[in-house]
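Examination of the molecular architecture
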Amino acid sequence: EDQVTQSPEALRLQEGESSSLNCSYTVSGLRGLFWYRQDPGKGPEFLFTLYSAGEEKEKERLKATLTKKESFLHITAPKPEDSATYLCAVHSWANDYKLSFGAGTTVTVRA
Amino acid sequence: SQTIHQWPATLVQPVGSPLSLECTVEGTSNPNLYWYRQAAGRGLQLLFYSVGIGQISSEVPQNLSASRPQDRQFILSSKKLLLSDSGFYLCAFRDRGYEQYFGPGTRLTVT
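Let me begin by describing the structure that accompanies this report. (Residues numbered from 1 in each chain as written. Chains lettered and ligands numbered in written order. Predicted model: local features only at pLDDT ≥ 70, side-chain atom pairs only at ≥ 80, totals over all residues. Heavy atoms only, no water.)

1. Side note on the nonpolar core
In this structure, A:Leu21, A:Leu33, A:Trp35, A:Leu73, A:Tyr86 and A:Val107 are the most contacted members of the largest nonpolar core, which totals 22 residues. Elements with a minimum of two residues in this core: β2 (10–14), β3 (19–26), β4 (30–38), β5 (45–50), β7 (62–66), β8 (70–75), β9 (84–92) and β11 (105–110) of chain A. Element by element, the count of residues in this core is highest for β9(A), at 4 residues. Setting aside anything within four residues of it in sequence, one finds A:Tyr86 in contact with A:Gln6, A:Leu21, A:Trp35, A:Tyr36, A:Arg37, A:Leu47, A:Leu62, A:Leu73, A:Ile75, A:Gly104, A:Thr105 and A:Val107. In this structure, B:Leu19, B:Trp35, B:Leu47 and B:Val110 belong to the second largest nonpolar core, which totals 19 residues. (Core = buried A, V, L, I, M, F, W, Y, C linked by side-chain atoms within 4.5 Å. Buried < 20%, exposed > 50% of the residue type's maximum accessible area, 1.4 Å probe, protein only. Helix = DSSP H or I, 4+ residues; strand = E, 2+ residues; numbered from the N terminus. Contact = heavy atoms within 4.5 Å.)

2. A short note on the sheet that holds strand β3 (residues 19–26) of chain B
All names here are of chain B. Pairing is antiparallel in the open sheet, where 4 strands are placed in the order β1-β3-β8-β7. Edge positions in the sheet fall to β1 (3–7) and β7 (64–70), since each of these pairs with one other strand and no more. Between one strand and the next, the sheet's axes are offset by a mean angle of 20°, whatever the strand orientation. As judged from the 5 bridges shared by β1 and β3, these two strands associate in the antiparallel manner. Within the sheet, the bridge partner assigned to Gln6 lies in β3 and is Cys23. (Pairing = 2+ DSSP bridges. Axes fitted to C-alpha atoms, helices over the stretch in contact; angles between N-to-C directions.)

3. Description of unusual backbone geometry
In the segment running from A:Ser7 into A:Pro8, the intervening peptide bond is cis, with an omega of -10°. Note on placement: A:Pro8 falls in the loop between β1 (3–7) and β2. Geometrically, the link from B:Trp7 to B:Pro8 is a cis peptide bond, its omega value of 0° lying close to zero. Relative to the helices and strands, B:Pro8 is located in the loop between β1 and β2 (10–13). Despite not being glycine, A:Glu60 shows a phi value in the positive range, around 55°. With respect to the helices, strands and loops of the structure, A:Glu60 is situated in the loop between β6 (56–59) and β7.

In structure tokens:
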């Protein structure tokens, strides 16, 4: 069964203090790894898809990277508006229609 | 462009009452559709998914059911709500790629 573990559960940062979130996964053949951002009381917002080890994607202050066992979401010089819960999900060859989600990392950026 | 709608946004229902949540997608045809539940501080739990009209797969045994009467319409129902049905319900769709796109969600409180 596909498993996704995110760490840490919560992260408090000062504005401008760069950091990374971790997503470790165990799947039977990775088709894709996805990052989402979720604001309180709202649905998750799609950020990135990564397909193979070594791939990187960037969007504003966020950069996602992928290895064979984990993915990192780097937040560079965060601002208060980057405060949100970040979810990681995987799609494997064994589960064609479904994604397996991690529990998320809640990031709080203080001004 | 594709959009996804859910209603109602919030709902307070007594134990034992029926439930109907609706989700519609615009700007695509024959999408995969999903219902998730997110309990407070927890990850996303897949409840149902559908790959076509009238085709429903259930992931978790419970007193909820789902139907897909039209290509871009997905309905989540219950005949009698339980306290444990409280949560944040999210509808999502998958189009040509593997990523899923989420609606705004429905906050259900069972009293």
